[in-house]
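# An overview of the molecular structure
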Amino acid sequence: MCGIIGVVGKTSVQERLIASLKRLEYRGYDSAGIAGFVDGKVERRRAKGKIRALEDVLADQPLNATVGIGHTRWATHGAPSAPNAHPHTQGRVTLVHNGIIENYAELRERLRAQGRTFESETDTEVIAALLDSELAGGAEPLAALKATLDQLVGAYALGVLVDGFPSLIMGARRGSPLVVGYGDGEMFIGSDALAVGPFTSRVCYLDEGDYVAIDHDGARIFDQAGKPAKRAIRTVPASAALVEKGNYRHFMEKEIHDQPEGCQHTITAYVDTLNARTAIPGGVDFASLARIQIVACGTSYIAGMLGKYMIEQLADLPVDVEIASEFRYRQPALQSDSLVVAMSQSGETADTLAALRYCQAKGMRSAAVVNAQESTMAREVDVVWPIHCGPEIGVASTKAFTAQICVLTAVAVAAARARGKIDEAEEQRLVRVLLEAPRLVAESIKLEDAVQRVATEVAKARDVLYLGRGPMFPLSLEGALKLKEISYIHAEGYAAGELKHGPIALVDDKTPIVILAPFDSYFEKSASNMNEVMARGGQVIFITDADGEKHAPKGARVVVTAPRCDPLIAPLVYSPPIQLLAYHVAVQKGADVDQPRNLAKSVTVE
Ligand code: AGP
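This next bit is on the packing of aromatic side chains. The tally for this structure, following the rule as stated, stands at 6 aromatic pairs. An angle of 20° between the planes, with centres 5.3 Å apart, marks the rings of tyrosine 211 and phenylalanine 222 as stacked. Taken together, the positions of tyrosine 211 in strand β12 (residues 211–215) and phenylalanine 222 in strand β13 (residues 218–222) put the pair 11 residues apart, joining distant regions of the chain. Here the two residues tyrosine 211 and phenylalanine 222 agree in accessibility, since each one is buried. A connected cluster of aromatic rings, assembled from ring pairs, spans Phe519, Phe523 and Phe542.

This part takes up the pairing of strand β3 (residues 41–48). With 8 bridges joining them, strand β2 (residues 31–38) and β3 adopt antiparallel strand pairing. Along β3, the bridge assignment pairs isoleucine 34 with arginine 45. Hairpin connection from β2 to β3: 2 residues lie between these consecutive antiparallel strands, with aspartate 39 at a positive phi of about 50°.

Below, the discussion takes up the sheet that holds strand β9 (residues 179–182). Within the open sheet, the 8 strands sit side by side as β3-β2-β4-β1-β10-β9-β11-β14. Their pairing is antiparallel. Every interior strand has two partners, whereas the edge strands, β3 and β14 (234–235), have only one. Sheet topology places strand β11 (residues 202–205) next to β14; 2 bridges connect them, and they run antiparallel. Pairing of valine 203 across the sheet is with arginine 234, part of β14. Lying over the sheet, helix α2 (residues 51–60) contacts β2, β3 and β4 (67–73), oriented at roughly 135° with respect to β3.

On to the pattern of salt bridges. Taken as a whole and assessed by the stated rule, the structure comprises 37 salt bridges. We note a salt bridge from arginine 330 to glutamate 322, for which the minimum N-O separation is 2.3 Å. On the accessibility criterion, arginine 330 (43% relative accessible area) is partly exposed. According to the relative accessible area criterion, glutamate 322 is buried, its value standing at 15%. The partner of glutamate 427 in a salt bridge is arginine 417, and the shortest N-O contact between them spans 3.4 Å. Placement of glutamate 427 in helix α14 (residues 424–445) and of arginine 417 in helix α13 (residues 399–418) is noted, with a sequence separation of 10 residues between them.

On to helix α1 (residues 14–23). Residues spaced three or four apart along an α-helix face the same direction, because each turn holds 3.6 residues. Buried residues of α1: Gln14, Arg16, Leu17, Ile18, Ser20 and Leu21, and no others. Elements in contact with the buried residues of α1: β1 (3–8), β2, α2, β4, β10 (187–190) and α6 (193–196).

By the criterion of burial, helix α5 (residues 141–149) is predominantly enclosed, with 7 of the 9 residues buried. On its buried face, α5 is in contact with α4 (123–136), β7 (154–162), β8 (169–174), β12 and β13.

On the basis of which strands lie adjacent, the open sheet formed by 6 strands has the order β5-β6-β7-β8-β12-β13 and antiparallel pairing. Unpaired on one side and paired on the other, β5 (88–90) and β13 mark the two borders of the sheet. For this sheet the average axis-to-axis angle between neighbouring strands, irrespective of direction, equals 20°. Bridge analysis of strand β6 (residues 93–101) against β7 gives 9 bridges, and the strand direction is antiparallel. Directly across from histidine 97, in β7, lies its bridge partner leucine 158. In the packing of α4 onto the sheet, the strands contacted are β5, β6, β7 and β8, and the crossing angle to β6 comes to about 130°.

Attention now moves to the packing of helix α16 (residues 472–487) against helix α20 (residues 575–588). What describes two packed helices is the angle between their axes and the distance between those same axes. It is the contact of α16 with α20, at a shortest axis distance of 8 Å, that shows an interaxial angle of 20°. Here α16 lies roughly parallel to α20, going by the angle between them. The two elements α16 and α20 cross, and the hand of that crossing is right-handed. Here Leu475, Glu478, Gly479, Lys482, Leu483, Ile486 and Ser487 of α16 lie close against α20, whose contacting residues are Ser575, Ile578, Ala582, Tyr583, Val585 and Ala586.

This part covers unusual backbone geometry. Cis geometry is found at the peptide bond from histidine 86 to proline 87, where omega equals 5°. As for its placement among the helices and strands, proline 87 is situated in the loop between β4 and β5. Phi is positive for aspartate 39, which is not a glycine, with a value near 50°. Here aspartate 39 is to be found in the loop between β2 and β3. Its relative accessible area of 77% is what places aspartate 39 among the exposed residues. Even without being glycine, tyrosine 488 reaches a positive phi, approximately 65°. Tracing the backbone shows tyrosine 488 in the loop between α16 and β23 (490–495).

What counts and what doesn't
Residues numbered from 1 in each chain as written. Predicted model: local features only at pLDDT ≥ 70, side-chain atom pairs only at ≥ 80, totals over all residues. Heavy atoms only, no water. Phe/Tyr/Trp six-rings, centres within 6.5 Å; stacked < 30°, edge-to-face > 60°. Helix = DSSP H or I, 4+ residues; strand = E, 2+ residues; numbered from the N terminus. Buried < 20%, exposed > 50% of the residue type's maximum accessible area, 1.4 Å probe, protein only. Pairing = 2+ DSSP bridges. Contact = heavy atoms within 4.5 Å. Axes fitted to C-alpha atoms, helices over the stretch in contact; angles between N-to-C directions. Salt bridge = Lys/Arg side-chain N within 4 Å of Asp/Glu carboxyl O. Parallel < 35°, antiparallel > 145°, perpendicular 65-115°, else oblique. Left-handed = near helix turned anticlockwise from the far one by under 90°.

Next up, the structure:
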């Protein structure tokens, strides 16, 4: 993920910007830059590569500024290079950005038609040009910023300088976090508390859609409707900032809310955003593979199941998914011209590691989808497919799960293209759909209030049933796993088509039944399952989209309406509601959400 820092200081900011960027290195980056007001005019210093390269530039050309911004860039649009490094300048505007602007191409065409030229390939420069156009139209900086934000589709965290306003930094956030730091006569913005930790421990976390102006007198915060907003100022000791919960009560809650950024950062490591093509690291030749064998445990196993659905459907490439603890002992028949893929957040799960080694011993090429990139699995496989969601602290996996799904979705599209099942145009369409996922996951997380109301009912239940068809079946398993592992309520996920083969005997008026059903090709069948359940007094919690709500049978106890989305990314969009349901039930039951009883974050023993 990119890192952002801004300092409205009383003394030179160059060293402080660099110090902060170094604290953001853990987020991963490939270029860096800073900018600030020098004698009232904004100057930039940028370099490809690590911060050391930027320091070399500054040794020759120091930035003598007391107000400035800085950025570490994880390339999304445009290769790692100095011209593509942030900050970007257009006219009077210089800014840094973390996120993906989905409609940047059409905005850029519109701006080019107005005579604008661009020095970079980035979506970020388009934001700067848009904002400069608004200023040129006579708007004041904050009004110009609001008018710009209203035209953007996608995720962003921004830090903005405007020529002529040498004591002002503006910021904004949607889908990517941004904090405001309160110093003594100095003010700061940063990607997280860690970024501003060296300067202050008093921070406030902007809400989704907020934008802000900071100067030596403090911060003026506005909500996405443009109304002045008050955000709580919290004290975050610098040490705690290393892995901090921010405004959240639990790491799990924060990690659910971090998913748009984790998905964005992961997706952009597997696609060429400029050309809307897949770009899977590791050079696996999907055309020559006989099959893929996925081995994993728990939530990672469920992510693997979703991978099977997508890869087989799109690429017509056989995929087996197996629980590692079973696989490793049953002497499975394997084909050496296959690829084994170990799915593991920690990269240390003993059963998954053993299953991986079993396959390697049979001569199979190996890959690992892991979050911990220094882990044993990452070191032992031929190909690492990392997820980029940052450290996951909560024992119940959430952001790693959706990041794993992002990887497998990109792999499915790439395999389909490699095996000639889709043409370039369809690949580009699917990649563009995948690039919408971070924004739609952010929209889905906004269902939290509706889900929290449902949690009150579910918290009283003894048993809960989750039902789904197609990719919503693995998601039903995940919803049940989340609920049982953190709230200790027994829950089961079932293929909805299996209802009549046994589970329907469980249905009574005390058993909440969560049915996951986007308005897709499975919807009609899910709707009839819903009728079967309600006819027996079942209390249905129906999670669907606006079309599904229109066509659903009447009588559901609750309907939660998720954002409409392409079926390709439905597993990503339908994950937050089931995660939030488990979370709020556990909170209402007073359970230890981040460290549930009997569980460990990584099961490194059999
Ligand atoms: C998921 O919420 C659980 N904490 C657990 O099932 C976990 O997914 C499983 O232990 C696998 O862990 P890994 O991804 O680190 O291999």
